[in-house]
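# Residue-level structural notes
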Amino acid sequence: MRLNKITEAIPFLAPVQILILSVIVIPSLYVIWLSLNASSFGQSATFVGLDNYIQVLSDPAFLRALGNTVMIVIFAVHLELALGLGMALLFASGLPGRRVLLVAVLAPYAVSEVIAVAMWRFLFDPDVGPVTAMLSWLGLPMLDWSFEPSHALIMIGLLTIWLHLPFTFIILYAARLAIPKDLYEAARIDGATPFDAFKKVTMPLLGPAIVVALLFRYIFAFRIFSEVWLMTQGGPARSTEVVAVYLYQEAFSYNAFGTAAATAWIMVLASLLLATGYVFLLRKQVAGNAH
Amino acid sequence: MASLSLAGLKKSFGAVDVIKGVDLEVKDGEFVVFVGPSGCGKSTLLRMIAGLEEISGGELHIGGRLCNDLEPREREIAMVFQSYALYPHMTVYDNMGFGLSLNKTPKTELDARVREAARILKMEHLLERKPSQLSGGQRQRVAIGRAIVRKPGVFLFDEPLSNLDAALRVDMRMELAKLHRELGATMIYVTHDQIEAMTLADKIVVLDGGLVQQVGSPMELYKNPVNKFVAGFIGAPKMNFLPVKVQSVQGDMASVASEAMGPILVRSRGFKSGDSALLGIRPQYLKPGKAAEGEGSIGGKIVLVERLGTETIIAIDTPANERVVASVPVDMELSFGGTAEFQFAPASAHLFH
């Protein structure tokens with residue numbers, strides 16, 4: 001009877017199963033298989049075991065790409081969090097003209113990455129860019145991103161912050177608005193200064209939202225591709241490559257599908273590790289504040 | 001403990017005047033209740049005392065100190081909110097000790113004070129719990145505990161019982177009265193519930209439209225309301241108001257009459273012969289039966305009979321089509337559509353403009 005019911009249910013579930021199998025499970029398994037083989041155009045795949053992984057992990061270009069990625073993740077995500085938090089608190093404190101400003105703050109999220117990069121390339125153009133002109137007018141050094149790798153990375157970091165700040169901001173702003181006003185009044189009466197209230201009321205209650213925002217942003221930032229590809233293409237001399245650009249180069253510039261597949265799985269594992277860590281943290285926090 | 005003095009206190013939100021000049025003296029250790037309908041400004045007045053709303057005009061003294069521009073923490077007050085406003089991420093213990101930990105009270109003293117407050121409120125067993133693990137009544141206790149721990153000069157309560165169910169409200173009301181006796185502290189309590197006001201207060205302040213209508217002890221307000229608003233607001237069921245004509249005035253007594261009621265002599269304030277007035281009679285002062293010489297009498301068709309067990313509420317329509325409600329302590333033989341007649345002592349009636 002029970003079996004009967006399951007067999008009857010299968011046709012109804014099949015479309016979803018087929019969809020997941022065809023777009024996630026099968027490609028993933030194929031990439032695993034590919035990562036264990038040496039493969040390129042015009043030659044049949046030969047099994048090489050974990051050689052691809054060893055090759056990728058010992059490739060100085062990969063290690064530099066990984067280093068760049070980690071730098072961007074650490075620099076961009078945390079600065080973005082600090083900015084997003086500051087702005088969320090500013091908005092929640094009853095900023096005048098909030099509606100208009102909200103639109104302005106959220107606008108970058110509606111801008112396509114390609115357009116954003118084109119805009120930034122123009123704004124920061126070393127010769128004619130208005131921002132470059134303003135920086136030199138203020139007597140500040142210009143951002144020589146087309147030539148100096150560290151400047152290029154800073155530029156990429158700033159661009160990714162600009163693009164994704166609305167995401168972090170909106171999560172934190174919503175969480176801040178969910179904290180009842182009464183708590184702040186109670187804290188004032190208890191003798192809390194605004195800083196005490198921030199430290200003892202706002203921060204603990206924003207904790208879960210901060211963890212969620214960080215988790216998503218770590219994973220997104222770890223996969224960073226278009227900002228880098230469109231801005232520098234990983235150059236000069238592969239010095240600004242990130243892991244996703246390295247993968248792209250392996251697969252489509254050097255046609256080394258095996259190492260590209262291995263890189264992809266290294267990225268997946270790194271993201272999973274991050275996610276597991278944060279989900280664990282989040283659970284602990286939620287259990288701590290059990291409602 | 002502290003006394004409180006409000007002199008010409010005003011509050012405006014933009015062009016809207018919410019509190020239009022309140023004068024009030026609260027003695028040390030007194031339990032004062034602000035009561036009034038929604039929007040009368042009672043909560044705003046309390047929040048001005050707490051320092052959560054700025055004072056637009058007038059002077060506020062707490063314990064002899066001018067407090068207009070002091071931060072809430074400098075006013076030596078504690079407040080219990082309607083929503084309890086407990087910090088959800090802290091245990092009961094930390095919630096209660098929060099104020100003391102902020103002003104760097106030594107740990108041993110903090111611990112002693114939190115445990116003492118928990119003992120007074122009989123909630124020692126709840127100290128390690130989070131607010132989410134407590135019932136409404138327990139949360140309210142924690143909120144009160146948080147106030148007690150700080151040993152404030154004045155306790156402020158903003159409708160603290162409104163979120164509790166009826167049975168729990170009665171219990172908490174008794175506990176608050178007991179707490180006031182035990183602590184002997186000055187307490188200011190805001191409510192829209194006149195039963196809470198009557199049972200808890202040493203002194204009731206009736207507010208309407210941002211102005212104090214009357215200040216007095218519960219029974220003073222009940223027996224001698226100064227105007228129609230106070231008369232109608234205090235007491236349940238509401239006082240009956242019947243339009244009458246003043247026929248003659250002798251000293252502080254006036255003879256009044258209406259179409260449905262023969263002339264009676266009642267106390268009057270500032271009326272002259274020929275004036276229109278409202279005769280206020282509490283439903284409890286209407287007795288069934290025919291009026292004797294000099295007594296007032298009202299009769300009419302019964303439109304409603306509510307038997308509450310301890311009393312019966314009867315509503316009648318008089319021949320002049322006025323609705324009159326009487327509360328009689330006995331289960332009278334009455335039926336809808338019949339007629340009933342009530343009498344009252346003129347001394348229990350009030351005359352209002």
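Another point: the overall build of chain A. Scanning chain A for helices and strands turns up twelve helices and two strands. Tracing chain A from N to C terminus, the helices and strands come up as α-β-β-α-α-α-α-α-α-α-α-α-α-α. Compactness check: chain A gives a C-alpha radius of gyration of 24 Å against a globular reference of 19 Å for 291 residues, more than 25% above the reference. Projected onto the principal axes, the alpha-carbon positions of chain A cover approximately 75 × 75 × 30 Å. Put simply, chain A has 291 residues, and 41% of those count as buried.

Residue-level contacts link 25 residues of chain B with 21 residues of chain A. Across the chain B to chain A interface the summed buried area is about 2,000 Å²; carbon plus sulfur atoms make up 58%. Area buried by chain B at its contact with chain A is led by R73, H89 and L102 of chain B, which between them contribute 28% of it. Linking chain B with chain A are three salt bridges, by the criterion used here. A salt bridge links E71 of chain B to R188 of chain A; its shortest N-O distance comes to 3.8 Å. Connecting chain B to chain A are seven residue pairs in polar contact (both at pLDDT 80 or more). Every element with two or more residues in the side of chain B that touches chain A is listed here: α1 (42-50), β6 (77-80) and α2 (92-102) of chain B. Here the residues of the side of chain B that touches chain A sort into 14 nonpolar, five polar and six charged.

So, on to the domain arrangement of chain B. All names here are of chain B. Domain boundaries in chain B define domain 1 (4-233) and domain 2 (240-352). With centres defined by C-alpha atoms, the gap from domain 1 to domain 2 works out at 39 Å. Tallying the contact residues gives ten residues for domain 1 and nine residues for domain 2. Taking both partners together, domain 1 and domain 2 bury about 810 Å²; carbon and sulfur atoms supply 55% of that area. Summed over the shared surface of domain 1 and domain 2, the result is zero salt bridges. Of all the secondary-structure elements, those providing two or more residues to the side of domain 1 that touches domain 2 are α7 (218-223) and α8 (228-233). Considering only residue class, the side of domain 1 that touches domain 2 consists of five nonpolar, three polar and two charged.

Residues and elements named next belong to chain B. Strand order in this open sheet of five strands is β15-β19-β16-β17-β18, and the pairing throughout is antiparallel. Sheet topology places β15 (287-288) and β18 (323-328) at the edges, where each strand pairs with a single neighbour. By the bridge criterion, two bridges tie β15 to strand β19 (residues 339-344) in an arrangement that is antiparallel. Paired with K287 across the strands is Q343, a residue of β19.

Residues in a regular strand point their side chains to alternate faces of the sheet. Residue and element names in this part refer to chain B. Here strand β8 (residues 186-191) lies mainly inside the structure; six of its six residues are buried. Burial along β8 is two-sided: T186, I188 and V190 facing one way and M187, Y189 and T191 facing the other are all buried. Inspection of the sheet shows strand β3 (residues 31-35) paired to β8 by five bridges, in the parallel sense. Across the sheet, F34 pairs through a bridge with V190, a residue of β8. Two strands pair when backbone bridges link them, and strand β7 (residues 154-158) and β8 are joined in this way by five bridges, in the parallel orientation. Within β8, the position partnered with F155 by the bridge is M187. In this fold, the crossover linking β7 to β8 by way of helix α5 (residues 166-183) has right-handed handedness.

It is worth spelling out the nonpolar core at this point. With 84 residues, the main nonpolar core has L6, F34, L45, I49, I62 and L156 of chain B as its most contacted residues. No other element matches the twelve residues that helix α9 (residues 194-222) of chain A contributes to this core. Discounting residues that sit within four places of it in the chain, F34 of chain B has contacts with L24, K42, L45, L46, I49, I188, Y189, V190, T191, V205 and L207 of chain B. Judged by nonpolar contacts, the second largest core, of 47 residues, contains F31, V149, F155 and L176 of chain B.

Attention shifts here to the pairing of strand β4 (residues 57-62) of chain B. Residue and element names in this part refer to chain B. Where strand β1 (residues 4-13) meets β4, five bridges bridge the pair, whose relative direction is antiparallel. Bridging across to β4, L4 finds its partner in I62. Taken together, the two bridges between β4 and strand β5 (residues 65-66) define a ladder with antiparallel strand orientation. Bridge pairing in β5 places H61 opposite L66.

This next bit is on a nonpolar patch on the surface. Residues and elements named next belong to chain A. Together, V16, L19, I20, L21, V23, I24, V25, I26, L29 and I32 make up a nonpolar patch on the protein surface, roughly 870 Å² of accessible area in all. In this fold, I20 is placed in helix α1 (residues 2-35). Judged by relative accessible area, I20 falls into the partly exposed class, the value being 40%.

Let us now look at the packing of aromatic side chains. In the structure shown here, the tally under the stated rule is 22 aromatic pairs over all chains. Taken together, a centroid distance of 6.3 Å and an interplanar angle of 10° make the contact between F155 of chain B and F157 of chain B stacked. A single burial state applies to F155 of chain B and to F157 of chain B, both of which are buried. When the ring of F229 of chain B is compared with that of F233 of chain B, the centres are 5.7 Å apart and the planes differ by 15°; the resulting orientation is stacked. Residue F229 of chain B and its partner F233 of chain B are both found in helix α8; the two are separated by four residues, about one turn of the helix. Through successive ring pairs, a cluster of aromatic residues spans Y109, F167, F216 and F220 of chain A. The ring of Y87 of chain B is capped by R146 of chain B, whose NZ or CZ atom sits 4.9 Å from the centre of that ring. Between K228 of chain B and the ring centre of F241 of chain B, over which it is positioned, the NZ or CZ distance is 5.1 Å.

Summarising the element assignment, S268 of chain B is placed in the loop between β13 (261-267) and β14 (276-281). What S268 of chain B contacts, discounting residues up to four positions off in sequence, is D252, M253, A254 and L351 of chain B.

About the cut-offs
Residues numbered from 1 in each chain as written. Chains lettered and ligands numbered in written order. Predicted model: local features only at pLDDT ≥ 70, side-chain atom pairs only at ≥ 80, totals over all residues. Heavy atoms only, no water. Helix = DSSP H or I, 4+ residues; strand = E, 2+ residues; numbered from the N terminus. Rg over C-alpha atoms; globule rule 2.2 N^0.38 Å. Buried < 20%, exposed > 50% of the residue type's maximum accessible area, 1.4 Å probe, protein only. Contact = heavy atoms within 4.5 Å. Buried area = accessible area lost by both parts, 1.4 Å probe. Salt bridge = Lys/Arg side-chain N within 4 Å of Asp/Glu carboxyl O. Polar contact = N/O pair within 3.5 Å; in protein donor to acceptor, adjacent residues only side chain to side chain. Nonpolar A, V, L, I, M, F, W, Y, C, P; charged D, E, K, R; others polar. Domains from an automatic or database assignment. Pairing = 2+ DSSP bridges. Right-handed = clockwise from strand over helix to strand, strands pointing away. Core = buried A, V, L, I, M, F, W, Y, C linked by side-chain atoms within 4.5 Å. Patch = residues over 30% accessible without salt bridge, like charges linked within 9 Å, V, L, I, M, F, W, Y side chains within 5 Å. Areas by Shrake-Rupley, 256 points an atom, 1.4 Å probe, with all protein chains shown as cover. Phe/Tyr/Trp six-rings, centres within 6.5 Å; stacked < 30°, edge-to-face > 60°. Lys NZ or Arg CZ within 6 Å of the ring centre and 35° of its normal.

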